[in-house]
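Tertiary structure, described
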Amino acid sequence: MTLQENYEPYDFANRRHIGPSPEEMTAMLEVVGTESLETLIDETVPAGIRQAKPLDFGMPLSERGALDRLRETANKNQVLTSLIGQGYHGTILPPAIQRNILENPAWYTAYTPYQPEISQGRLEALLNFQTLVADLTGLDIANASLLDEATAAAEAMALAHRVTKSEANAFFVDAQCLPQTIAVLKTRAEPLGWEIVVGDPFKDVQPENVFGALFQYPGVEGGFHDFSDLIAKLHAAKALAVVAADPLALTLLKPPGEMGADIAVGSMQRFGMPMGYGGPHAAYIAVKDDYRRALPGRLVGVSIDSRGNRAYRLALQTREQHIRRESATSNICTAQVLPAVVASMYAVFHGPKGLKAIAERVHRKAARLADGLEKLGFKISPDAFFDTITVEVGPYQGLVMKNAVNNGVNLRKVGTDRVGISVDERTRPVTLEAVWRAFGGDHLVYRDEYPAYRLPADLIRTSTYLTHPVFHMNRAESEMTRYMRRLADRDLALDRAMIPLGSCTMKLNATAEMLPITWPEFAEIHPFAPADQALGYAELIEDLSKKLCEITGYDALSMQPNSGAQGELAGLLTIRAYHKSRGEPYRNVCLIPASAHGTNPASATMCGFKVLVVGTDAHGNIDIQDFRAKAEANAANLAAAMITYPSTHGVFEGTVREICDLTHANGGQVYLDGANMNALVGLARPGDLGADVSHLNLHKTFCIPHGGGGPGMGPIGVKAHLAPFLPGHPETGGSAMTVSAAPFGSACILAIPWSYILMMGGAGLTQATRVAILSANYIAQRLAGAYDVLYTGCDGRVAHECIIDTRPLNASAGVTVDDISKRLIDCGFHPPTMSWPVPGTLMIEPTESETKGELDRFCDAMLAIREEPRAIEQGLSHRTNNPLKNAPHTVEDLIGEWHRPYSRERACFPAGAFRVDKYWPPVNRVDNVYGDRNLVCSCPPLDSYVKAPEPAEADVLASGT
Ligand SMILES: *Cc1c(COP(=O)(O)O)cnc(C)c1O
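Residues numbered from 1 in each chain as written. Predicted model: local features only at pLDDT ≥ 70, side-chain atom pairs only at ≥ 80, totals over all residues. Heavy atoms only, no water.

A closer look at unusual backbone geometry
- A cis amide bond links tyrosine 217 with the next residue in sequence, proline 218, at an omega value of -10 degrees.
- Here the bond from serine 381 into proline 382 is cis, since omega is -10 degrees, no more than 30 degrees from zero.
- Inspection of the secondary structure assignment puts proline 382 in the loop between strand S11 (380-381) and strand S12 (388-392).
- Backbone geometry places serine 145, a non-glycine residue, at a positive phi of 125 degrees. (Helix = DSSP H or I, 4+ residues; strand = E, 2+ residues; numbered from the N terminus.)

Quick look at the UniProt feature "domain: Glycine dehydrogenase C-terminal" (unreviewed entry) in the protein chain
- As annotated by UniProt and renumbered to match this structure, "domain: Glycine dehydrogenase C-terminal" (unreviewed entry) occupies residues 768-889.
- Between the C-alpha atoms that bound residues 768-889 there is a distance of 36 Å. The span itself is 45% helix and 11% strand. (UniProt positions renumbered as here; feature names shortened; annotations may be inferred.)

Overview of the site of the ligand
- The immediate surroundings of the ligand are formed by 14 residues, with Thr334, Ser503, Asp673, His699 and Lys700 found nearest.
- The separation between an oxygen atom of the ligand and a polar side-chain atom of threonine 334 is 2.6 Å.
- Between the ligand and glycine 564 there is a distance of 2.7 Å, counted from an oxygen atom to a backbone nitrogen or oxygen.
- Starting from 390 Å² of accessible surface for the ligand in isolation, the protein chains cover 98%.
- Considering only residue class, the shell around the ligand consists of three nonpolar, eight polar and three charged. (Near = heavy atom within 4 Å. Polar contact = N/O pair within 3.5 Å; in protein donor to acceptor, adjacent residues only side chain to side chain. Areas by Shrake-Rupley, 256 points an atom, 1.4 Å probe, with all protein chains shown as cover. Nonpolar A, V, L, I, M, F, W, Y, C, P; charged D, E, K, R; others polar.)

Focus: the packing of aromatic side chains
- If you walk through the whole model with that rule in mind, you get 21 aromatic pairs.
- Taking 5.4 Å as the distance between ring centres and 65 degrees as the angle between the ring planes, the aromatic pair formed by tryptophan 194 and phenylalanine 211 counts as edge-to-face. One end of the pair, tryptophan 194, is in the loop between helix H8 (179-189) and strand S4 (195-199); the other, phenylalanine 211, is in strand S5 (residues 210-217), with 17 residues separating them in the sequence. As far as the burial class goes, tryptophan 194 and phenylalanine 211 line up, both buried.
- Clustering of aromatic rings is evident, with ring pairs tying together Phe172, Phe202, Phe215, Tyr217, Phe224 and Phe227.
- Lying over the aromatic face of phenylalanine 57, lysine 547 brings its terminal NZ or CZ to 5.7 Å of the ring centre. (Phe/Tyr/Trp six-rings, centres within 6.5 Å; stacked < 30°, edge-to-face > 60°. Buried < 20%, exposed > 50% of the residue type's maximum accessible area, 1.4 Å probe, protein only. Lys NZ or Arg CZ within 6 Å of the ring centre and 35° of its normal.)

Examining the sheet that holds S11
- The strand order across the open sheet formed by four strands is S11-S12-S15-S14, and the pairing between neighbours is antiparallel. The open sheet terminates on both sides in strands that have one partner only, identified here as S11 and strand S14 (412-414). (Pairing = 2+ DSSP bridges.)

Here is the structure:
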């Protein structure tokens, strides 16, 4: 045979993303009991909802082809030095952190740390973040990140309103606040009926008339003040004080906490995260201890495990929207964990001395810049500044701005006759020379490297910060690298095992999709850079929007929301604005099924809507009688219905069109939660089903990694009639509604879904959906008999996820859903979604990316675990001292005395667990109650760390030979 005759065609396409091979799929179909993938889809997805036309995006690109395309697009962005400031600054991401965290799948493919035993690494990093923020702001307690500075300010406003004893209805905002912050505050206050008063803090604050006030420190034009007296006056009137502060400035300046502020917010962007045309970056919020229970978002706390060893876990109300639903004041779910980890490592890397040195260098550059400009005859304000100055240029604003661009520098327009300049960690002497040239000076204008500081003596920080040993470790890169590696190794992310979390769609985040996000052409663009420097971004956003519209059946899309929950709020605000435009501003009733994700009712409440809960029937479907009755009874005021499709129970409801029709017939609009798009792409389109608006979780269906709990992107698609009401932005125009600090949210990571779609093509995307449905049905089939599968469609099939009921095991053997989840950790798996949407159940979503081998390993583990309650039922195993109750097991269980009625072998190596590549959780089961009773939310002292005993000398010798 010649080589030619021996030639076998090899399918390169999509094997990266779709786990099961064609042979594996055949075997899976056999188990499921259907002849082909097409038949399975016909059985599962109701014919009435299928889309008419297949997705057609042309030929899919290879990895190289997609990267070439991305490169071409990136080259259309022009990287100038942006000294625009306004909340975004150049920063130096230490390469060790870039490679070992930001570009490391052990960190970026992790899930939100709801299962603490497999999340100790990122929980420690987040605790470092909280300590960093609390120390810098001088406040007692900080959370583990918010989405951006503007929404953090809005969360602070809501918090102030929630805890204040003031009867006032207005919130004061410093005119020196960032314009995007003011825009978001106005958007968030209006539906709740709060008034925003913008003005000069020292002239316009009327403490009696506000429930809170926000000051910017330093202000957008560079000045700063001691707000202590003003804050005391606010307190006397029962109002709260919020300070939006630059964390780098706080290394040199008196922190908000020492001025008496109740809350501090801000962005940690300049702690290592590139500007990325707007994000992703971590925002922070810190509060006085009195308000810790009102703190929105996630909070990491210290607790103990079942051996009494230190363990971290999320504390208190960390899923507020799930618990409080329509009475929640915040809808924060996905936040910014990965950027927060980067910021915390930046602080570990530099330590307090290093951070202060960076801040001093930045200030010296600003002072030098100012000296030079003054020498050139310009008038500079303010007299005291940190990194930002404002220069009076009279009628020459346009000329100076243009000269600056010609010298490779972007400056900020201030009013009509001034120019703002913010220097940063990256600013070099040549940058200063370029600025002087833009103002008509020559490059030798000012040579003094050590100008006088222009910080006011009475605001210099005297208090210490970052005293914890973690910020004082030996920072040799060898040690730093090992610290990051050690933390990563404590966690179970997608780079080790499947993460079958229902509703969260933990699918492959392909490396090729991740590469572009750190290319300077994407990473180093300021969100407010002139449009002609971001043509690559414009092309990416336009093409991605077009493709997402095609996928969803919508007509227009906004990339602004930074998470699914933010998308919900943006979408509902869009609906609200639409009703208003039609002279029906009173429409305010929102129907939401009881099974909805907690963010749905929380978002509706934040939009000023009144939530009416609609029941579900025994099959998990919306109770259509109840829905009809409530829609008709509220026809005069119906604003919207929020539904999820396929439902959160993982079923394609046959009544979806009827629900949309009923809503419309009674004057409402339909919000379809798009979190489950992984079951729809290529098969059905929300826009065709009758929905008016949806968010897409690009960090679920479209491959942005979860990052351990963020970043994400939650763009909304709308039908044409809603398009005029989509979010706008003070920097780019459009409607007055602004939901994020940056016009296109976390624009930088849009390269990920775009390359995913380019590499999959329409057929590949559709195939992914089909295989996701196959995999879920395969698991449902393999587990059937051992576990009850809750909720199937009329044909007995599930959609892309399945819910199994563990409540019978509790009744028969006292085994809880927690026990089964923690036992799965022994088997080397991340537990599925626990007790949501139904208490006592597990929701399993395998996604299309897992191979049959991995699905089988999971099913084998689940089936073996099922035998353990059976042994209890039969009296062969102890009711409380058994592998389930004691799970997960750690290396501690391998040493010392062992008195348990089962073997160490069984404890640590159940079905599914690897021998050599065994994942060892670093702690035994974590005690949540202990942690909430003894709340500690910053780094505990070093001596409380558990130390492994020193190895005996003999062991060291043995292991070395
Ligand atoms: C994940 C999810 C959300 C919230 O999305 P975030 O991006 O975390 O804010 C809303 N609804 C459903 C059904 C979800 O699964």
